[in-house]
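Okay, here's what each chain looks like letter by letter:
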Amino acid sequence: MMSEKFFTEWFLPGIWITVQVTVYSAALALAVSFLIGTLRTSPLWIVRFASGTYFEIFRGTSALVMMFWMAYAVPSLLGIQFVPMAAGVLALGLTYGAYGSEIVRGALAAVAPAQREAGIALNFTKAQRLRKIELPQAWPEMIPPFNNLLIELLKGTALVSTIAVADMTFAGNLLRLAKGDSAPIYTLLLVIYFVFAFLLTRGMRLLERQANRRMGKTPPEKTGFLSGLRSKSATDAVTGTGGAK
Amino acid sequence: MSADQNLTKDQSNPAVDGKELIRFDKVTKRFGSNVVLDELDFSVNSGKHVTLIGPSGSGKTTILRLLMTLLKPEEGTIRVGGKYLTHEERNGKLVKAGEKHIREVRKNIGMVFQQFNLFPNMSALRNITEAPVSVLGLPKDEAEERARELLDMVGLGDKTDAYPTQLSGGQQQRVAIARALAMRPQVLLLDEVTSALDPELVAGVLDVLRDIAHTTDITMLCVTHEMGFARDISDQVLMFDSGRVIESGTAEKMFNEPEHERTREFLSAVL
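Rules used throughout
The residue numbers shown here count from 1 along each chain, following its written sequence. Here chains are named by letter from A upward and ligands by number from 1 upward, in the order in which they appear as written. Owing to the predicted nature of the model, reporting of local features is limited to residues with pLDDT of at least 70; listing and counting of side-chain atom pairs is limited to 80 or more, with chain, interface and lining totals taken over all residues. Based on all heavy atoms of the structure, the side-chain values leave hydrogens and waters out of the count. UniProt positions are given in the numbering used here, feature names are shortened, and annotations may be inferred rather than shown by experiment. The numbering of helices and of strands both runs from the N terminus, where a helix is a DSSP run of H or I of at least 4 residues and a strand a run of E of at least 2. By the convention used here, residues are in contact when the closest approach between their heavy atoms is within 4.5 Å. Buried area: the accessible surface (1.4 Å probe) lost by two parts on joining, summed over both. The term salt bridge refers to a pairing of a side-chain nitrogen on Lys or Arg with a carboxyl oxygen on Asp or Glu at a separation within 4 Å. Throughout this description, a polar contact denotes any pair of N or O atoms lying within 3.5 Å of each other; where both atoms belong to protein, one of them has to be capable of donating a hydrogen while the other can accept it, and for residues adjacent in sequence the pair is counted only when both atoms sit in side chains. Note that Gly is not counted as nonpolar here; it falls among the polar residues with everything else outside the nonpolar set of Ala, Val, Leu, Ile, Met, Phe, Trp, Tyr, Cys and Pro and the charged set of Asp, Glu, Lys and Arg. Two distance rules govern patches: like charges are joined within 9 Å, and nonpolar side chains (Val, Leu, Ile, Met, Phe, Trp, Tyr) within 5 Å, applied only to residues with over 30% relative accessible area and no salt bridge. Each accessible area value is a Shrake-Rupley result obtained with a 1.4 Å probe; residue values ignore everything except the protein chains displayed when judging cover. Under this rule, positive means Lys or Arg and negative means Asp or Glu; His and the chain ends count for nothing. For this purpose, a charge sits on NZ of Lys, CZ of Arg, CG of Asp or CD of Glu. To sort residues, take the accessible area from a 1.4 Å probe on protein chains only and compare it with the maximum for the residue type: under 20% means buried, over 50% means exposed, and anything in between is partly exposed. Note on pairing: two strands pair once DSSP finds at least 2 bridges between them. All axes are obtained by fitting lines to C-alpha atoms, using only the stretch in contact for helices, and the reported angles, taken between N-to-C directions, cover 0 to 180 degrees.

Labelled according to an unreviewed UniProt entry, chain B appears under the name Ectoine/hydroxyectoine ABC transporter ATP-binding protein EhuA, originating from Streptomyces physcomitrii. Taken directly from UniProt, the Sequence similarities (unreviewed entry) text for chain B runs: "Belongs to the ABC transporter superfamily." Its UniProt record gives chain B the following Subcellular location (unreviewed entry) comment, quoted word for word: "Cell membrane".

Taking an unreviewed UniProt entry as the reference, chain A is identified by name as Amino acid ABC transporter permease belonging to Streptomyces albus. In its Sequence similarities (unreviewed entry) section, the UniProt entry covering chain A states "Belongs to the binding-protein-dependent transport system permease family." Within the UniProt record for chain A, the comment given under Subcellular location (unreviewed entry) is "Cell membrane".

Right under this line is the structure:
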């Protein structure tokens, strides 16, 4: 369906661009999530107000329009011209970071108040309590919702094709325009997005198990796809639920 | 179980000379319209072991939580070692204290909670070393050495790497005691520390506390329903009712010949 030249010059680099946009946007979104999410738990109303405003604005605007705004409005407003990928990463990272901040805020709020009290009794500063007690305990709770968000973000990266970033969706559109043969290329794209999403989920599952181990918790029962293929005894050996009760 | 020598010898307490260490002046604490403490006055001399008894809801735990600054009083002042706890003097006037002042006074106070409240994200050892390292600035290896001594003292020398979820309630509470002691407080607040434990685990925790009471000069302020334990360790027993101290005296006097009718009723109900 596609020529070898097209495959090596557009499609493979497109896959790589998708990976890059996902990684950069996810890193930005993660930083924004923790920053805004933590600020939203501040005792100072002005800090809560400012961070809450950020959250509302980016939750309430379209990521696609935000991308157009970064790519085409910012140059005329501020005189800054982003390269297209930067505009795409900014729009995605800031938008998904707003959603992520809600995950961080919620997980922090779910840490037992008694933990805060124990931290006060040991005379930790507020910052130390946050860094050493509250965030580490909230982290395992954040991972499953972060996984959902990460997959939303991965699929959202297809939007960058609309601002001339040559990701794999952009390559697919090119091929359709050249050959008019849509079915195979879009099917292939769907499969690739699915495989990426699946790999991310597996990675996040590992992260979750590691985080739970660091809390001294035995990992939850495996419920994922493929889990039925493993024998019971193999699962027990992996989770190591022998003595510690 | 041997006493930790460090606790007695190195204790750099300026106030182990029997002087007044804690003073409540007309402290009032309300939750909504419910007055839990009503212009409470009382004081504790340093080195003393004081037990607060009384029916639930009489404000005993509230006193400990006020001292730990987990609650703020509506009225009145609390002093620890002569310094105001939630107030500070500025231009001759008493104003609400800032975080820095509170932390300075609070460093003399440690607390053990009913529900242990160990940090589940840290091993037993790190539960004990984290605050000495990051709050007191102790070198890590020194803090760890001391944490091991403390774990030995509470009989858990082999549990350094265990996480709280891997320990029984009694073991968690003993780690929590070690954690509080690692900060070398002048005052140790014990808030119903055996109430959440299975009956067979209570004795182990109380033995540790008896040991600390008899071999150190830490001031102890204790809310408990374990009257035998209270009788063993207390220099002074305060009977609370409706946010006021209605009777106080030595353990012997309070348990053997209480004067107040309410005290007699309460003790006959719990003993």
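Still more to cover.
Mapped onto the present numbering, the UniProt feature "domain: ABC transmembrane type-1" (unreviewed entry) falls on residues 15-204 of chain A. With 83% helix and 0% strand, residues 15-204 of chain A has its two end C-alpha atoms placed 21 Å apart.

Between chain A and chain B, the contact holds 22 residues from the first and 25 residues from the second. Summing the contributions of chain A and of chain B, the shared interface buries around 2,200 Å²; its carbon and sulfur component is 56%. Of all residues in chain A, A:E117, A:L122 and A:N123 give up the largest surface area on contact with chain B, accounting jointly for 28% of the area buried on that side. A:E117 serves as the salt-bridge partner of B:R65, at 2.6 Å between the closest nitrogen and oxygen. Linking chain A with chain B are nine residue pairs in polar contact (both at pLDDT 80 or more). Counting residues per element, the ones that place at least two in the side of chain A that touches chain B are α5 (113-121) and α6 (126-156) of chain A. The element contributing the most residues to the side of chain A that touches chain B is α5(A), with seven residues. A breakdown of the residues in the side of chain A that touches chain B according to their chemical character gives ten nonpolar, seven polar and five charged.

Moving on to a positive patch on the surface. Side chains of A:R116, A:K126, B:K72 and B:K96 sit close together on the surface and give a patch of like positive charge. For B:K96, a relative accessible area of 73% puts it in the exposed group.

We now examine the UniProt feature "domain: ABC transporter" (unreviewed entry) in chain B. This chain's UniProt record puts "domain: ABC transporter" (unreviewed entry) on residues 22-267 of chain B. Annotated as 37% helix and 28% strand, the span residues 22-267 of chain B places its first and last C-alpha atoms 26 Å apart.

Once that is clear, we can look at the sheet that holds strand β9 (residues 187-191) of chain B. Residues and elements named next belong to chain B. Strand order in this open sheet of six strands is β8-β9-β10-β3-β11-β12, and the pairing throughout is mixed. Every interior strand has two partners, whereas the edge strands, β8 (109-112) and β12 (244-249), have only one. Direction aside, neighbouring strands of the sheet carry axes that sit 20° apart on average. Sheet topology places β8 next to β9; four bridges connect them, and they run parallel. Bridging from a neighbouring strand, I109 pairs with V187 of β9. Sheet strands in contact with helix α6 (residues 169-181) are β8 and β9, and its direction is about 175° off that of β8.

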